[in-house]
Amino acid sequence: VQLQAFGGGLVQTGGSLRLSCAASERTFSTYAMGWFRQAPGKEREFVAGISWGGGITSYADSVKGRFTISRDNAKNTVYLQMNSLKPEDTAVYYCAADPTPWTGIIKTTAPAYHSWGQGTQVTVSS
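Here is a short report on the structure shown in this document. Here the structure is a predicted model, which means the values were calculated and not measured. (Residues numbered from 1 in each chain as written. Predicted model: local features only at pLDDT ≥ 70, side-chain atom pairs only at ≥ 80, totals over all residues. Heavy atoms only, no water.)

Glancing now at the pattern of salt bridges. Side-chain pairing between opposite charges can occur once the charged atoms of the two side chains come close. Taken as a whole and judged by the stated rule, the model has five salt bridges. In this structure, the salt-bridge partner of D89 is R37, at a minimum N-O distance of 2.9 Å. Of this pair, D89 sits in the loop between β8 (77-82) and β9 (91-98) while R37 sits in strand β4 (residues 32-38); the two residues are 52 residues apart in sequence, bridging distant segments of the chain. We note that D89, like R37, is buried. Of the charged contacts in the structure, one is a salt bridge between D98 and K107, with a shortest N-O distance of 3.3 Å. (Salt bridge = Lys/Arg side-chain N within 4 Å of Asp/Glu carboxyl O. Helix = DSSP H or I, 4+ residues; strand = E, 2+ residues; numbered from the N terminus. Buried < 20%, exposed > 50% of the residue type's maximum accessible area, 1.4 Å probe, protein only.)

The four strands are arranged β1-β3-β8-β7 in an open sheet whose pairing can be described as antiparallel. Each edge of the sheet is formed by a strand with only one pairing partner; in this case those strands are β1 (3-6) and β7 (67-72). Averaged over all pairs of adjacent strands, the angle between strand axes in this sheet comes to 15°, irrespective of strand direction. In this structure, β1 lies alongside strand β3 (residues 17-23), joined through four bridges in antiparallel fashion. Bridging across to β3, Q4 finds its partner in A22. (Pairing = 2+ DSSP bridges. Axes fitted to C-alpha atoms, helices over the stretch in contact; angles between N-to-C directions.)

Our focus in this paragraph is the pairing of β8. Looking down a regular strand, the side chains alternate between one sheet face and the other. Most of β8 sits inside the fold, with five of its six residues counted as buried. By the bridge criterion, six bridges tie β3 to β8 in an arrangement that is antiparallel. Bridge assignment links A22 to a residue of β8, and that residue is T77. Two strands pair when backbone bridges link them, and β7 and β8 are joined in this way by six bridges, in the antiparallel orientation. Pairing of F67 across the sheet is with M82, part of β8. Between β7 and β8, which pair antiparallel in sequence order, lie four residues; one of them, N76, sits at a positive phi of approximately 55°.

In structure tokens:
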């Protein structure tokens, strides 16, 4: 599946952004999805994940209470609503798909995801 992430930009501390990730195939609705981010000089890290049906979500501790992941399978799209943004949220954000059979657990490591979007830059100014 091909993924395209968009919605990044420059925002002040405390601001909000909504990222979107559009998938090219209807099979998207059967995949768990994840958002990751990578800041300069750092490894790619898990941000949030969502089950194929949207009923189960998982978040990194650093974004809990501020970010919300959701999906619209009719639109083949997954979203990341980011509120109360901080300078440390500055990174390139990537969406990724896990097409393996659902086990009931959202995977939080990058190698577990098989398809990646091109990334969208989020910059939070202090």
